[in-house]
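Structural characterization, general
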2 protein chains.
Amino acid sequence: MDLKEKIRIIEDFPIEGISFKDITTLLQDKEAFKYAVDSMAEYFRDKGIDVVVGPEARGFILGAPLAYAIGAGFVPVRKKGKLPYDTMSMSYDLEYGSDDLEIHADAIKKGQRVAIIDDLLATGGTIESVIKLIESAGGEIDSVGFLIELTELKGRDRISGYDVVSLLQYKV
Amino acid sequence: MDLKEKIRIIEDFPIEGISFKDITTLLQDKEAFKYAVDSMAEYFRDKGIDVVVGPEARGFILGAPLAYAIGAGFVPVRKKGKLPYDTMSMSYDLEYGSDDLEIHADAIKKGQRVAIIDDLLATGGTIESVIKLIESAGGEIDSVGFLIELTELKGRDRISGYDVVSLLQYKV
């Protein structure tokens, strides 16, 4: 199945000049959604992954079914103030200023094998913060997976040293 | 498996007097997460569900794996301004004032059978808005499922006329 046919491109969203990759058209298509999760699962299965970590909010939509498909737990990384228990936090850069990502301090046990999943790898700033957060929490990152990678933004270089996989590649 | 043992109760979060049900301890436990999704799937399978709808953000964590497990598509309901394409919106009440929930206008085809999934049924205000949104979009609601129901808040009465199921019940 050519999953790119299921992605809707929206020009100038959220700001002028951005060619936004809308994955909702893929998600709502039952065959395409199953195919995407199964393709991810094929890569991550048999790697002994204990938990899949997904950042809020689109990382939940792909990370949680992947966790289910490979028999792992799911750990959400959330924006500041959303998690109810003791948290660890890591700042990440926004266009202007920065914000914090949080994870429950007891979400990952020391030495657990972790896969990080998000919808999109662009410049890699968010995922770099998620990686630092997981490692601070004692997790061992097995691999990092994305539905879409924007190759010309070279996010992959920012997280070199990690095993990175993406299902679909676009230049920008 | 007694899933209640996997839920962490946090008193006075997010405000004094609330006994918050933290589901992250369940999600991160691979056996408990699988058991919860499978238990939901058992109820929703064989009902001819075309799409599972989950509201941002915890509804994504349960709705997406359920959709995958029963072979349905997944449609996110999001907070205002997050969806990139043409949307329909419905306001919902907050403690002070209101906010809007949105769905892509073309997310649901007329007559599609829909299951709505969220983590928690409390007073039912949010889910009532989600129901209205789905019906405005032309979807036929088969059933509404929750991981947790706070029975004394009587959210179920607010959405009577719909088939409502919850895995775990607490008084408040």
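Before reading further, recall that the structure is shown in the block above.
Before going into details, it helps to say that this report is about the structure given with it.

**Examining the sheet that holds strand S4 (residues 73-79) of chain B**
Residues and elements named next belong to chain B. Overall, mixed pairing links the seven strands, which are arranged S5-S6-S4-S3-S7-S8-S9 in an open sheet. Single-partner strands in this sheet number two, and they are strand S5 (87-93) and strand S9 (164-170). Strand-to-strand twist of the sheet, defined as the mean angle between neighbouring strand axes without regard to direction, takes the value 20°. Bridge analysis of strand S8 (residues 140-150) against S9 gives six bridges, and the strand direction is parallel. Across the sheet, glycine 145 pairs through a bridge with valine 165, a residue of S9.

**Describing the interface of chain B and chain A**
Contacts between chain B and chain A engage 43 residues on the former and 43 residues on the latter. In terms of surface lost to chain A, no three residues of chain B exceed Gln28, Tyr68 and Pro84 of chain B, which account for 22% of the buried area on that side. Inspection of the chain B/chain A interface yields four salt bridges. Counting across the interface, chain B meets chain A through 16 residue pairs in polar contact (both at pLDDT 80 or more). Contributing elements (two or more residues each) for the side of chain B that touches chain A: strand S1 (8-11), strand S2 (19-22), helix H1 (24-27), helix H2 (30-44), helix H3 (58-70) and S4 of chain B. Top element by residues in the side of chain B that touches chain A is H3 of chain B. It accounts for eight residues. For the side of chain B that touches chain A, the per-class residue count stands at 24 nonpolar, six polar and 13 charged.

**Comments concerning the pattern of salt bridges**
Residue and element names in this part refer to chain A. By the definition in use, this model includes 28 salt bridges over all chains. Close ionic contact of aspartate 22 with arginine 8 constitutes a salt bridge, the shortest N to O distance being 2.9 Å. Residue aspartate 22 is found in strand S2 (residues 19-22), and its partner arginine 8 is found in strand S1 (residues 8-11); the two are separated by 14 residues along the sequence. Residue classification places aspartate 22 among the buried positions, given a relative accessible area of 1%. Overall, arginine 8 belongs to the buried group, its relative accessible area being 14%. We note a salt bridge from aspartate 38 to lysine 34, for which the minimum N-O separation is 2.8 Å. Taken together, the residues span about one helical turn, with aspartate 38 and lysine 34 both in helix H2 (residues 30-44) at a distance of four residues.

**Structural notes on the sheet that holds strand S3 (residues 51-55) of chain A**
Residue and element names in this part refer to chain A. Spatial strand order, S5-S6-S4-S3-S7-S8-S9: seven strands in an open sheet with mixed pairing. Two strands in the sheet have a free side with no partner beyond their single neighbour: strand S5 (87-93) and strand S9 (164-170). This sheet shows a mean twist of 20° between the axes of neighbouring strands, independent of strand direction. Two elements, S3 and strand S4 (residues 73-79), share five bridges in a ladder whose sense is parallel. Looking at the pairing, valine 52 lines up with phenylalanine 74 of S4.

**Some words on the environment of phenylalanine 20 of chain A**
The topology assignment puts phenylalanine 20 of chain A in strand S2. Assessed through its relative accessible area of 14%, phenylalanine 20 of chain A is described here as buried. In this structure phenylalanine 20 of chain A touches Arg8, Ile9, Ile10, Phe13, Pro14 and Arg58 of chain A together with Pro84 of chain B, once residues within four positions along its chain are discounted.

**A look at the packing of H2 of chain A against H3 of chain B**
Direction vectors running N to C along H2 of chain A and H3 of chain B enclose 100°, while the axes themselves pass 10 Å from each other. Here H2 of chain A is positioned roughly perpendicular relative to H3 of chain B, judged by the angle of their axes. Side by side, H2 of chain A and H3 of chain B meet where Phe33, Lys34, Val37 and Asp38 of chain A of the first sit next to Ala64, Ala67 and Tyr68 of chain B of the second. Of the residues belonging to the contact of H2 of chain A with H3 of chain B, the class tally is five nonpolar, no polar and two charged.

**Some remarks on the pairing of S3 of chain A**
Of all five residues making up S3 of chain A, five are buried, and the element is well covered by its neighbours. Taken together, S3 of chain A, helix H3 (residues 58-70) of chain A and S4 of chain A constitute a β-α-β crossover, and its handedness is right-handed.

**A look at the environment of serine 89 of chain B**
Residues and elements named next belong to chain B. Looking at where serine 89 falls in the secondary structure, it is placed in strand S5. Using a relative accessible area of 41% as the deciding quantity, one classes serine 89 as partly exposed. Taking the C-alpha atoms as reference, serine 89 lies 6.2 Å from aspartate 100; in sequence the two are eleven residues apart. Every residue in contact with serine 89, bar those within four places of it in the chain, is listed here: Leu101, Glu102 and Leu133.

Definitions and cut-offs
Residues numbered from 1 in each chain as written. Chains lettered and ligands numbered in written order. Predicted model: local features only at pLDDT ≥ 70, side-chain atom pairs only at ≥ 80, totals over all residues. Heavy atoms only, no water. Pairing = 2+ DSSP bridges. Helix = DSSP H or I, 4+ residues; strand = E, 2+ residues; numbered from the N terminus. Axes fitted to C-alpha atoms, helices over the stretch in contact; angles between N-to-C directions. Contact = heavy atoms within 4.5 Å. Buried area = accessible area lost by both parts, 1.4 Å probe. Salt bridge = Lys/Arg side-chain N within 4 Å of Asp/Glu carboxyl O. Polar contact = N/O pair within 3.5 Å; in protein donor to acceptor, adjacent residues only side chain to side chain. Nonpolar A, V, L, I, M, F, W, Y, C, P; charged D, E, K, R; others polar. Buried < 20%, exposed > 50% of the residue type's maximum accessible area, 1.4 Å probe, protein only. Parallel < 35°, antiparallel > 145°, perpendicular 65-115°, else oblique. Right-handed = clockwise from strand over helix to strand, strands pointing away.

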